[in-house]
Structure formats: C-alpha cells, structure tokens
Amino acid sequence: MTLSAAIEELNILEKNMHAYRHAMGVLSLDSATCAPAASAPARSETMGVLSEARYRLLVNPRTEEMLRTLREQAAALDVPVRRRVEVLWESYQDTTRIPVREYVDYSRLCAQADAVWHRAKEENDFAAFAPYLEKLVAYNRRFAGYKTGFATPYDALLDDYEKGATTAMLDPYFASLRARLTPLIRAVSEKPAPRTDFLHLRYPLPEQRLFSQRLMALLGLDPARCVIGETEHPFTDGFNRWDVRITTHYQEYDVSASMYSVIHEGGHALYELGMGEDLQFTCLADGASMGIHESQSRFYENLIGRSLPFCKALLPVMRECFPEQMRDVDVPTLYRAVNVSRPSLIRTEADELTYPLHIMIRYELEKRLIAGDMKVAELPEAWNAMYREYLGVEVPDDRQGVLQDTHWSGGAFGYFPSYALGSAYGAQMLARMEQEMDVWGAVERGDLQPVTAWLGEKLHRHGKLFTPAQALQSACGAPFDPDCYADYLTKKYSGLYAL
Ligand code: ZN
C-alpha cells in the first residue's frame, strides 16, 4: 500500500466512523428524550447492527495494514495526520486486546449488573449487587493485565479515561488537596448557613424553559448549532461542530438544579462547538480527555457561573424571568446562596468545596478493590468509615452510601479521578487567563465571549490533537500545578465565609 493510498483510506475510514457515531448518537439522544416507551427493543436491534458495522470498520485486516503502513512512515506525515494515526491505532489496540468472547460476556455482565444495581439501590440491598460487583472487579483486573507498561493494574484502568494519569501523580495531589481542604471545610461548617430559601420557591417549568434559553444566550451558545432537550440525567453530545445537543432536568422547587446543569453542559458544548473545522470528520474532533472535557464544564459552572461577577450579570436575567421569586434578592445574597457549602452524603449534589473529598473516597476504595487489597463484602463498611473520616457525616444506608453512583455497575473503575482533575485543570487555566486578560470585567458585563475566545484559541480548536498534558501546557504555558485548585478554593471560600 502506498503512502497516499493509505492516507486516502484513512480519510474514508474516519468519515465512515463519524457517520456511524452520528447516527448512533442521534438514536440514543432520541431514546433519552422523546422516543415512545415501546420503541426500546427495536432500537436496540438497530444499535446492535450499527455498532457491529462500526466495529468491523476499524477491526479488519485492511484497516490494520493501512494503519501499519502509516505508522511505519510516520516521519513523512504532517502532525495532525500522525496524531490521527496514533489515536486510531490506540483505539484499534484497545478494541482488539480483549478476546472477543470475553468482551461479549463482559458486555452482557455490565447490562445485567446495571439492572441489578438499579433494583439494589431502590431496595437498599447491597448484598444483591455484591456478586455482580465481584465479577466486574475480576474482569477489570484481568483487562488491566492485558495492557503493558503500567506500574499497577489500577494505573492501566486510569489510563483508559485520562491518558498519562497515574497513582504516582494522583496520590500526592489528593493528599495535599485533602490536607488543605479539611480545615477549610471545618471552618466553613462552623459559620452560619447563608439564606437559600428563594431558590426553593415554586419555579414553574415553562418559565424555567425560557430561562434556559436566556442562560444559553448568556453563555454565547450559537442557537443555530446547539439546542437543549430534557432528560432524567443531563448530558451533552456533540456530533460535530455544527450540531451539539445539551440536556437538562427541571425541578419545580429548585431553580439552581437546572440552572447549573445548563451552565455545566453548556461548558461541554462550547468545547465541542469550538473544535477546529479542519478536525471535523476525524477522530481528533473530540475532547483531549475526560478530565479536560470536564475542566471546561466545571470552568463555566463553578469558576465562572458561581463567581460574584457572574452573579451580577445573572441577577437581572433571573429578575426578568422570575420577578416574584427574586423580588427581595440582591447580588451578594444570590452569590452566597449558590455557593452554600455543607458536608453531605451524595456526590452529585455536593458543593464545589466538598466535592473533591467525595472523589477521593471513591479513588481510594476502587484502588484497593482493583489491587485486591479489599473484598467487595468489606466495601460498605469501608465507605461509611471514610465518609465519617473525610466529611464527618454518618451514612444512614447503602442507598445514600456505596450504592449511589452508577459508575461501578457499568464497569467504570478509574473514571472518578477525571472529575477532580477537571476542576484542577480549570483552576489552573483561570489563573493563567487572569494574567493575560480582564476576565472579570467581561463576565460582569455578561459578555463571556472573550473568555470563550481565550479557551477556544488555546484549547478548544485543538480537540484531541494534544494529549491531556500537552493540552494543559498549551492552555496554561506550564505543566499541571495541583496547588492552583487549592489556592482558588481557599481564596474563594475564605472571602465568602469571612474566615
Ligand atoms: Zn460533565
């Protein structure tokens, strides 16, 4: 195969892979938003056909030959093409490393485990879920063994979600973060709680839907390329830079729930919308990693969306949409209310300050499980003990404890750290941005365009051209500095609670 023939084949392959991803993405979005209940079995047939066809596109002798040809002549390729080959080769290896039989059995186990977990959570019955979790842990330990070059099996799993992240890097990061956050959380919890009653008045859904449109406009999301839907659990799916979907979930008596979902998912969407036109229809039109994607959503949600200047821009919009509910609310009151911090039981409802501790607990526990240092049967007790030690809260039952997250039932071990890394990456980007431009003047005016343009230039347009470490270096001009995040939280919460 000649070099030019191989490049031509690469272009066709990626265009085809995009088409399958696009079609499957629209189908799953449809299923999560508006498809009728009886449509599930037929759709899963269709999905089966499409995912098999997509698998065969990548895994076949012809594609392997093409990728080998390009890898052998990597020096002759320009940088983006070389990176595309590298990314596809990695995903080819990931797909073929696990024997097909084992992969099929594992997928079936995940589907069963997920159904069992749903029931076990509802009925507060960890014992029912435990045998499935044991099998999932065993599979993941074996899968980790199929990858080489990692210090521990858990490191191999981490790499699936955040390339380059290791326990050697995460252990000291989490240890120092915990050492700095623990006294801060204690000091905050000794202060009187701010007023939040107005967030929990009745906010009718039609008004909330209009408010979402106003928020999307405030974020600068192009309505011709990004629309919003409603789902049980909010998410973002970017098919390409001309079609990005976000979803939210409205709660009649909690206006901030959907408000911050829209801003969070809006952050993911801005990243997808900002990816270079030259990368479209290639595997590089994607986030640099889970953690980098999460850095963008959390950047808009917390660093911008929960800042005082943003509250100044937000309050007039809220007053227009909800004149009655916001009648006696001023900017400082709104700012304090959306930043209320209290140690709690549920990760997804945790505030910005206590959130990282929820992640650390999961990180420690899954590390022990995958290392074989802890049995699944010991997990609930270990979970409860860590919540007591890290957050000072008593876990009343497994439903609000070890059974709360869906990740482990889906076989995702090593995923949680991406969330905490994302927040830290975001804080470091903000520190750099503040050195280079007047971030807060623009935010206060309700103009996020300069902020998004900065991120777009340094991060968004490059998509997956860079590894996570390179992406961070490109945005911040420096390697990962975990202290930025603790500095940011200390400064913010010391001000908020007058510590
Ligand atoms: Zn997210």
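Residues numbered from 1 in each chain as written. Predicted model: local features only at pLDDT ≥ 70, side-chain atom pairs only at ≥ 80, totals over all residues. Heavy atoms only, no water.

Chemist: Any chance you could explain the packing of aromatic side chains here in plain terms?
Modeler: Geometry of an aromatic ring pair is reported as the spacing of the ring centres plus the angle between the planes. The final tally for this structure, using the stated rule, is 23 aromatic pairs. Summarising the aromatic geometry, the rings of F174 and Y363 are spaced 4.9 Å apart at their centres and angled 55° between planes, so their arrangement reads as tilted. With F174 in helix α8 (residues 167-189) and Y363 in helix α14 (residues 355-371), this pair connects stretches of sequence that are 189 residues apart. Across the pair, Y363 and F174 agree in class, each one buried. Here the aromatic rings of F299 and Y300 are separated by 5.7 Å at their centres, their planes lie at 70°, and the arrangement is edge-to-face. Accessibility classification places F299 together with Y300 in one group, the buried group. The structure contains a cluster of three or more aromatic residues connected by ring pairs, namely Y161, Y355, W383, Y387, W408, F413, Y415, F416 and Y419. Over the aromatic face of Y132 sits the side chain of K135, whose NZ or CZ is 5.6 Å from the ring centroid. In this structure, R362 packs its charged tip against the face of F416, placed 5.6 Å from the ring centre. (Phe/Tyr/Trp six-rings, centres within 6.5 Å; stacked < 30°, edge-to-face > 60°. Helix = DSSP H or I, 4+ residues; strand = E, 2+ residues; numbered from the N terminus. Buried < 20%, exposed > 50% of the residue type's maximum accessible area, 1.4 Å probe, protein only. Lys NZ or Arg CZ within 6 Å of the ring centre and 35° of its normal.)

Chemist: Looking at this structure, how should I read the pairing of strand β2 (residues 236-240)?
Modeler: Walk down a regular strand and you will see the side chains alternate between the two sheet faces. Here β2 lies mainly inside the structure; four of its five residues are buried. Summarising the sheet, β2 and strand β3 (residues 243-248) pair through four bridges and their orientation is antiparallel. Across the sheet, the residue bridging to N240 is D243, located in β3. Following β2, the chain reverses through two residues before pairing antiparallel with β3. (Pairing = 2+ DSSP bridges.)

Chemist: I tried to follow the coordination of the zinc ion on my own but got confused; where do I start?
Modeler: Six octahedral donors around a metal ideally subtend angles of 90 or 180 degrees, whereas four tetrahedral donors ideally subtend 109.5 degrees. At this site the zinc ion is bound by H264 (NE2), H268 (NE2), E294 (OE) and E294 (OE), with donor distances of 2.1 to 2.7 Å. Here the zinc ion is ringed by four donor atoms whose angles at the metal span 50 to 129°, and the overall shape comes out irregular. Donor residues for the zinc ion, ordered by position in the chain, follow H-x3-H-x25-E. Of this pair, H268 sits in helix α10 (residues 255-273) while E294 sits in helix α11 (residues 290-304), placing them 26 residues apart in sequence. The same class applies to H268 as to E294, namely buried. (Donors = N, O, S within 2.8 Å, 3.2 Å for Na, K, Ca; no water. Tetrahedral: all angles 85-135°; square planar, octahedral: opposite > 155°, others 65-115°.)

Chemist: Which parts of the structure should I look at to understand the sheet that holds strand β1 (residues 226-230)?
Modeler: Backbone-to-backbone hydrogen bonds pair the strands of a sheet. The strands run either parallel or antiparallel. Taken together, three strands build an open sheet; the order of strands is β1-β3-β2 and the sheet is mixed. On the outer flanks of this sheet lie β1 and β2, each paired with one strand and no other. Adjacent strand axes in the sheet meet at a mean angle of 20°, parallel and antiparallel pairs treated alike. Against the sheet, helix α1 (residues 3-33) touches β1, β2 and β3, its axis set at about 150° to β2. (Axes fitted to C-alpha atoms, helices over the stretch in contact; angles between N-to-C directions. Contact = heavy atoms within 4.5 Å.)

Chemist: Hey, could you run me through the pairing of β3 in this one?
Modeler: β3 sits mainly inside the fold: five of its six residues count as buried. Relative to β3, β1 runs parallel, the two being bridged by five bridges. In the sheet register, I228 faces β3, and the bridge partner there is I246.

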